[in-house]
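So you can see what is in the structure, the chains are spelled out below.
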Amino acid sequence: MNNNNQLDNNSKDKQTVLVIGGGPAGVQAALRAHELGAAVTLLEANKLGGTAFNEGPAPVRTLARAARLRTDTELYPQFGLKGETPAVDFAAAIDNANRVAAHANEVWHLTKVVEQQGIEVIDEVGPTHFIDNKTVTIGDGREFSADQIILTVGGKPRKLDIPGNELALSFHDLWSMTELPKRVTVVGGSATGCQLASILIDFGAQVDIIEFADRLTPPSDIDISRKLEEAFEARGMNILTSTGCQSIEKENGRLKVNYKHNDDDKEDSLMTDAVFLMVGWPADLDGLNLDATDIKLNGPYIDVDDYLQTNVDGVYVAGDANGISMFVQSAAHQARVAAQNAVSDTAERYDPKAIATGSFTEPEYGSVGMTQAQAEKEHDCMVQIIDYEGLPRAIMDARTDGFCKIIIGKQSQKLLGAHVLGSYSAEVIQVAATCMATGMTVHEIANLELAFPTFTEALGMAAQRICRDLRVEDKNIKE
Ligand SMILES: Cc1cc2nc3c(=O)[nH]c(=O)nc-3n(C[C@H](O)[C@H](O)[C@H](O)COP(=O)(O)OP(=O)(O)OC[C@H]3O[C@@H](n4cnc5c(N)ncnc54)[C@H](O)[C@@H]3O)c2cc1C
Ligand SMILES: NC(=O)c1ccc[n+]([C@@H]2O[C@H](COP(=O)([O-])OP(=O)(O)OC[C@H]3O[C@@H](n4cnc5c(N)ncnc54)[C@H](O)[C@@H]3O)[C@@H](O)[C@H]2O)c1
C-alpha cells in the first residue's frame, strides 16, 4: 500500500488493496483479499458495519420483533391465556433497537476483530474522496493508492424531487424519534416501506402507504403482494396503489400529502403527522468525487461487468453500490468475488445460484428465484400452492394466514422459484434456496424428511403434489 503521508508497507511483492466502505461488503472484501495474501487497507467514513448493522436490517428487525410480541398477544384467548395487550413505550422500543444496532461496534468491537486479522482499518474519518482513478484522500489529508480498489460504499435513501421533500423523513430519522406519530404516511410500498408500515401499525399508529406501482412490493411474486395487501388492509392500513406522491406541505401544525392516482389523474390529499420517503436506494456517491475518475455509472449505481469490475481496470464494486442485488447476503458474496478477482489470476463471475430473501413484515414473506410471471415467460412450469389453512403447524400455532408456492420447470423438474408468506417465512425460504442451489429435482425435494410439525414442511408437501401431478401426466416418470 502506498499511503503517501504515512505508510509504505513492505508489500512490494504483494498486491495492495484499498477497500472503501466498511459495511458487510467492505468487511468481507477486506477479509477475503487479506486471506488471498494481499496487503489491505479498509477506509470507512463512519463505523464499521454499514447500513446492515448500524441502521437498517439489525435495528429494523429488532423493532419488528417488538411489534410481533405485541400482536401475538391477540392470540392469547384462543390459547387459554389471559392478559392485556401491552402498551407501547415507543422511545424504549427505539432505544432497544439502537442498543442492538450498536452491538457490532460496542460488543463485538468489529474494528478490532478486523484489525486482528492483519487488515489496516481507518474508520470514522469521513468520506473517502477520489483524486484520480487510483488515488484517494480522506478528511485528514492522507492520500492512498493501491494496485486494486474495491468500492463498497453502499446506498442511501432516495429523495423525491417534489415540493415539500424536506418535510419528509427517511429511515435515518426513525432512530432518534421519541414519540410514535398518531398518523404516519409511508411513500413507497416496497421492501423498506412495507417493513416500516407494518411495524408502525402494530405499534398503534394509523398508517397509509402510497405506492406508485399497482401493487405492494412490486418485485415480489404477485401472490405475496396480494396477500400482504390483504393482511395490511385487515389491520386497518390505508393502501393507495397506482398513486404517486405529488407534494407535501405544512398545514395547521400537521402535514398535508397531495397525491395523484395514475389511472385517472385524479388528485387528492390526506392529513398526517409524519411522512417517510421509502422510494428507492441509489448508490451513496456523496463525497466520493467520481468526477475525478473515469468510472462510469449505470443510472444511480456504479456500472460493473460480470466480474464486478468497473470500466477502470483494477477498480471493483461490491454490494448495494452496483445495484445488482441489494441484500446483505449478496453484498457479502459479491465482496468475496470482487476480492478474488482483484487479487488472484482467476476470473470469477458473480453468478448466484439462489438468493434467499426475507422481509420482516407481519406477516413475514420470503422468496427465492423467479416469480411465477417471470418463470412462465421462459419455461413450461408447474405451480403448486400449499395454503396454510391446511398445514398442521399453522393450525397448531393459529397462524393459518399464509402459503407456500413453488414453481417447477417441467423440463428440468427443478425448482425455478419459491415464495412463502406467513410465520418464519425468512427461515422456510432458506431450505427452498438450498434445494435450488444444489439443483435438487422436485422428486428429491418431495422425499426430504422435513421435521414435523413445521412451516417448512409445506415445501415438501408442495413438491409431493407436483410429483403426483407429474405421475398422472406420465406414468413412466423416473423418480
Ligand atoms: C431499512 C432497511 C432494512 C433492510 N433490511 C434488510 C434485510 O432485512 N435483509 C437484507 O439482506 N438486507 C436488508 N437491507 C439492505 C442491506 O442493508 C444492504 O443490502 C446492505 O447493507 C448492503 O451492504 P453494503 O456493504 O453494500 O453497504 P452498507 O451496509 O450501506 O455499507 C456501506 C458503508 O460504506 C460507507 N461509506 C459510504 N461512502 C463512503 C466513502 N466515500 N468513504 C468511506 N466510506 C463510505 C458507509 O458509511 C457504510 O458504512 C435493508 C436496508 C434498509 C435501508
Ligand atoms: N428485508 C429485506 O431484505 C430488505 C428490506 C429493505 C430493503 N431491502 C433492499 O433495499 C432495496 C431498496 O428497497 P426500497 O423499498 O427502499 O426501494 P425500492 O426501489 O425497492 O422501492 C421503492 C418503491 O417506491 C415507489 N415510489 C417511487 N416513487 C414514488 C412516488 N413518488 N410515490 C409513490 N411511490 C413511489 C416505487 O414504485 C417502489 O415500489 C431493495 O432492492 C431491497 O433489496 C431489503
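- The protein chain has the name NAD(P)/FAD-dependent oxidoreductase in an unreviewed UniProt entry, where Psychrobacter saeujeotis is given as its organism.
- Under the heading Cofactor (unreviewed entry), UniProt records this for the protein chain: "FAD".

## Here's the deal with the overall build of the protein chain
Piece 1. A tally of helices and strands in the protein chain yields 15 helices and 23 strands.
Piece 2. Since a compact globule built from 479 residues should have a radius of gyration of about 23 Å, the 24 Å found for the protein chain is in line with a globular shape.
Piece 3. With the C-alpha coordinates of the protein chain rotated into their principal frame, the extents come out at 70 × 65 × 50 Å.
Piece 4. Residues counted as buried form 52% of the 479 residues belonging to the protein chain.
Piece 5. In the protein chain, 63% of the contacts between residues at least 6 apart in sequence involve partners at least 24 apart.
Piece 6. Within the structure as shown, the protein chain displays about 22,100 Å² of accessible surface, and the carbon and sulfur contribution to it stands at 47%.
Piece 7. Across the protein chain, 42 positive and 69 negative side-chain charges occur, with their mean positions spaced 4 Å apart.

## With respect to the site of ligand 2
Piece 1. As a matter of local geometry, ligand 2 sits amid 23 residues, with T192, Q195, E211, M326 and G358 nearest to it.
Piece 2. Contact distances for ligand 2 include 2.6 Å between an oxygen atom and a backbone N or O atom of M326.
Piece 3. Surface burial for ligand 2 is 77%, taken as the share of its 850 Å² of free accessible area covered by protein chains.
Piece 4. Counting residues per element, the ones that place at least two in the shell around ligand 2 are α8 (191-203), β12 (243-251) and β19 (357-359).

## Remarks on the site of ligand 1
Piece 1. Close to ligand 1 lie 35 residues; E44, T51, T128, D320 and V328 are nearest.
Piece 2. At 3.5 Å from an oxygen atom of ligand 1 is found a side-chain nitrogen or oxygen belonging to N46.
Piece 3. Between ligand 1 and F327 there is a distance of 3.3 Å, counted from an oxygen atom to a backbone nitrogen or oxygen.
Piece 4. For ligand 1, whose unbound accessible area comes to 990 Å², protein coverage reaches 91%.

## Describing the UniProt feature "domain: Pyridine nucleotide-disulphide oxidoreductase dimerisation" (unreviewed entry) in the protein chain
Piece 1. Following the UniProt record, one finds the feature "domain: Pyridine nucleotide-disulphide oxidoreductase dimerisation" (unreviewed entry) at residues 356-462.
Piece 2. Structurally, residues 356-462 comprises 34% helix and 27% strand, and the distance from its first C-alpha atom to its last is 18 Å.

## Let's talk about the environment of Q148
Piece 1. In this fold, Q148 is placed in strand β8 (residues 148-151).
Piece 2. Since its relative accessible area comes to 11%, Q148 is described here as buried.
Piece 3. Each C-alpha atom of the pair Q148 and Q206 lies 50 Å from the other, and the pair is 58 residues apart in sequence.
Piece 4. Apart from residues lying up to four places away in sequence, Q148 is in contact with Q15, T16, V17, L18, G314, Y316 and A342.
Piece 5. Among the polar contacts listed, one links the side chain of Q148 to the backbone oxygen of A342, at a separation of 3.3 Å.

## Thoughts on the environment of A92
Piece 1. By the element assignment, A92 lies in helix α4 (residues 90-101).
Piece 2. On a C-alpha basis, the gap between A92 and L110 in space is 25 Å, while along the polypeptide they are 18 residues apart.

## A look at the nonpolar core
Piece 1. Ranked by internal contacts, the top residues of the largest apolar core, which has 52 residues, are F130, I150 and L151.
Piece 2. The element contributing the most residues to this core is helix α10 (residues 328-343), with seven residues.
Piece 3. Apart from the residues lying within four places of it in its own chain, the contact partners of I150 are V17, L18, V19, I20, A29, Y316, A338, A339 and A342.
Piece 4. Formed by 36 residues, the second largest nonpolar core is a distinct cluster that contains L63, A67, A97 and L421.

## Considerations on the pattern of salt bridges
Piece 1. Overall, the coordinates contain 17 salt bridges when judged by the stated rule.
Piece 2. One salt bridge connects D286 with K156, and the closest N-O pair in it is separated by 2.9 Å. Of the two residues, D286 sits in the loop between β15 (274-277) and β16 (297-298) while K156 sits in the loop between β8 and α7 (171-174), which places them 130 residues apart along the sequence.
Piece 3. Take K156: its relative accessible area is 24%, and that puts it in the partly exposed class.
Piece 4. Among the ionic contacts, a cluster of salt bridges with common partners joins R68, E362, E364, R399 and D401.

## A closer look at the state of the cysteines
Piece 1. Here the structure, examined in full by the defined rule, presents zero disulfides.
Piece 2. C404 supplies the cysteine sulfur nearest to C435, a cysteine that is in no disulfide, at a spacing of 10 Å.
Piece 3. Relative accessible area serves as the criterion here: at 3%, C435 is assigned to the buried category.
Piece 4. The structure places no disulfide on C467, whose sulfur is separated from the nearest cysteine sulfur, that of C435, by 12 Å.
Piece 5. The exposure class assigned to C467 is buried, which follows from its relative accessible area of 1%.

## What to know about the sheet that holds strand β2 (residues 16-20)
Piece 1. A sheet is described by the order of its strands in space; here five strands give the open sequence β4-β3-β2-β8-β18, paired in parallel fashion. Only two strands of the sheet have a single partner each, and these edge strands are β4 (120-122) and β18 (315-317). Each neighbouring strand pair of the sheet contributes to a mean axis angle of 20°, computed without reference to strand direction.
Piece 2. Relative to β4, strand β3 (residues 39-43) runs parallel, the two being bridged by three bridges. Along β4, the bridge assignment pairs L43 with I122.
Piece 3. Its contacts with the sheet place α10 against β2, β8 and β18, and it is angled at close to 170° to β8.

Basis of the calculations
Residues numbered from 1 in each chain as written. Chains lettered and ligands numbered in written order. Predicted model: local features only at pLDDT ≥ 70, side-chain atom pairs only at ≥ 80, totals over all residues. Heavy atoms only, no water. UniProt positions renumbered as here; feature names shortened; annotations may be inferred. Helix = DSSP H or I, 4+ residues; strand = E, 2+ residues; numbered from the N terminus. Rg over C-alpha atoms; globule rule 2.2 N^0.38 Å. Buried < 20%, exposed > 50% of the residue type's maximum accessible area, 1.4 Å probe, protein only. Contact = heavy atoms within 4.5 Å. Areas by Shrake-Rupley, 256 points an atom, 1.4 Å probe, with all protein chains shown as cover. Lys, Arg positive; Asp, Glu negative; His and termini not counted. Charge placed at Lys NZ, Arg CZ, Asp CG, Glu CD. Near = heavy atom within 4 Å. Polar contact = N/O pair within 3.5 Å; in protein donor to acceptor, adjacent residues only side chain to side chain. Core = buried A, V, L, I, M, F, W, Y, C linked by side-chain atoms within 4.5 Å. Salt bridge = Lys/Arg side-chain N within 4 Å of Asp/Glu carboxyl O. Disulfide = S-S within 2.5 Å. Pairing = 2+ DSSP bridges. Axes fitted to C-alpha atoms, helices over the stretch in contact; angles between N-to-C directions.

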